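Survey of secondary and tertiary structure
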Amino acid sequence: MYYQYQCKIKPVDIWKLSMRRTYRSLVGMCNIVFGVAIILLTVRFWDQAGDLLQALLFLGCLLIPVIQPAGVYLKARAQVSVTPQGTELTFDDEGIHVTLGDQREFIRWNKVRGIRKEGSIIVIYTDASHGYMLTKRVLGRERDAFYQQVKACINT
């Protein structure tokens, strides 16, 4: 096995990953319940509410579908701005060779904690909370074969 990729992370990639994780958790379910509840309250009480309350109800309706995703995107943009770009990842039978400029690191397969498909993104975890993201745009047609190969290497 031999794969070589250049990591190119964009804010939208981190945004997609964050939104996907949020809405697949208890927090996401609460967001959906709150969003539906505030919309129903707005529809029910709009005619009886004064201008200030109508403004608050309107902002409440925008909170989950507009304001929260925009905030997550701004956070993702800030993350990408401090993330080193141009990381080269080489996968072979021994492990993962990470190159960033003149710095090199080698991670053996037994040190890799897991691999996970998250929509169009594959995340290779080097510990419980850190890893490398490879997008469908980077992996191309090799995406499924790459995923299966890495998964097999991690499980051996």
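Use the structure listed above.
What this report covers is the structure whose coordinates are included nearby. (Residues numbered from 1 in each chain as written. Predicted model: local features only at pLDDT ≥ 70, side-chain atom pairs only at ≥ 80, totals over all residues. Heavy atoms only, no water.)

1. A closer look at the overall build of the protein chain
The number of helices and strands found in the protein chain is 5 helices and 7 strands. When the helices and strands of the protein chain are listed from N to C terminus, the series reads β-α-α-α-β-β-β-β-β-β-α-α. Scaling as 2.2 N^0.38, a compact globule of 156 residues should have a C-alpha radius of gyration of about 15 Å, whereas the protein chain reaches 21 Å, well beyond that. Over its C-alpha atoms, taken along the principal directions, the protein chain stretches across nearly 70 × 30 × 30 Å. The proportion of buried residues among the 156 residues of the protein chain is 37%. In the protein chain, of all internal contacts separated by at least 6 residues, the share reaching a separation of at least 24 is 54%. Accessible area for the protein chain stands at about 10000 Å²; split by element, carbon and sulfur atoms hold 59% of it. Once the 20 positive and 13 negative side-chain charges of the protein chain are each reduced to a mean point, those two points are 5 Å apart. (Helix = DSSP H or I, 4+ residues; strand = E, 2+ residues; numbered from the N terminus. Rg over C-alpha atoms; globule rule 2.2 N^0.38 Å. Buried < 20%, exposed > 50% of the residue type's maximum accessible area, 1.4 Å probe, protein only. Contact = heavy atoms within 4.5 Å. Areas by Shrake-Rupley, 256 points an atom, 1.4 Å probe, with all protein chains shown as cover. Lys, Arg positive; Asp, Glu negative; His and termini not counted. Charge placed at Lys NZ, Arg CZ, Asp CG, Glu CD.)

2. What about the state of the cysteines?
Counted according to the given criterion, the structure contains 0 disulfides. With no disulfide of its own, C30 lies 18 Å from the sulfur of C61, the closest cysteine sulfur. Its relative accessible area of 48% is what places C30 among the partly exposed residues. (Disulfide = S-S within 2.5 Å.)

3. Thoughts on the environment of I32
Relative to the assigned elements, I32 resides in helix 2 (residues 26-45). A relative accessible area of 42% places I32 in the partly exposed class. For I32 and I64, which are 32 residues apart along the polypeptide, the C-alpha to C-alpha distance reads 7.8 Å.

4. Here's the deal with the sheet that holds strand 1 (residues 2-6)
Strand order in the open sheet formed by 4 strands is 1-2-3-4, with antiparallel pairing between adjacent strands. Sheet topology places strand 1 and strand 4 (103-108) at the edges, where each strand pairs with a single neighbour. Strand-to-strand twist in this sheet, taken as the mean axis angle between neighbours without regard to direction, amounts to 15 degrees. Two elements, strand 2 (residues 88-92) and strand 3 (residues 95-100), share 4 bridges in a ladder whose sense is antiparallel. Considered in strand 3, the bridge of E88 is made with T99. Packed on one face of the sheet, helix 5 (residues 143-155) meets strand 1 and strand 2 and runs near 115 degrees to strand 1. (Pairing = 2+ DSSP bridges. Axes fitted to C-alpha atoms, helices over the stretch in contact; angles between N-to-C directions.)

5. Structural notes on the environment of Q79
Residue position: Q79 is located in helix 3 (residues 51-82). For Q79, a relative accessible area of 37% puts it in the partly exposed group. For the pair Q79 and C7, spaced 72 residues apart in the sequence, the C-alpha separation amounts to 15 Å.

6. With respect to the side chain of T135
Its place among the elements puts T135 in strand 7 (residues 131-135). The contact partners of T135, leaving out residues within four places of it in the chain, are D13, S120 and I121.

7. Some remarks on the packing of aromatic side chains
The tally for this structure, following the rule as stated, stands at 6 aromatic pairs. A centroid spacing of 5.3 Å and a plane angle of 85 degrees characterise the contact between Y3 and F146, whose relative ring orientation is edge-to-face. With Y3 in strand 1 and F146 in helix 5, the pair connects residues that are 143 residues apart, well separated along the chain. For Y3, a relative accessible area of 12% gives the class buried. Ring plane angle 20 degrees and centroid distance 6.3 Å describe the contact between F91 and W109, whose orientation is recorded as stacked. Placement of F91 in strand 2 and of W109 in the loop between strand 4 and strand 5 (114-118) is noted, with a sequence separation of 18 residues between them. Three or more aromatic residues joined by ring pairs make a cluster, and in this case those are Y3, Y5, F91, W109 and F146. Looking at R44, its charged tip hangs above the ring of F45, at a distance of 4.8 Å from the centre. A cation over a ring is seen here: K117 above Y147, with NZ or CZ 4.6 Å from the ring centre. (Phe/Tyr/Trp six-rings, centres within 6.5 Å; stacked < 30°, edge-to-face > 60°. Lys NZ or Arg CZ within 6 Å of the ring centre and 35° of its normal.)

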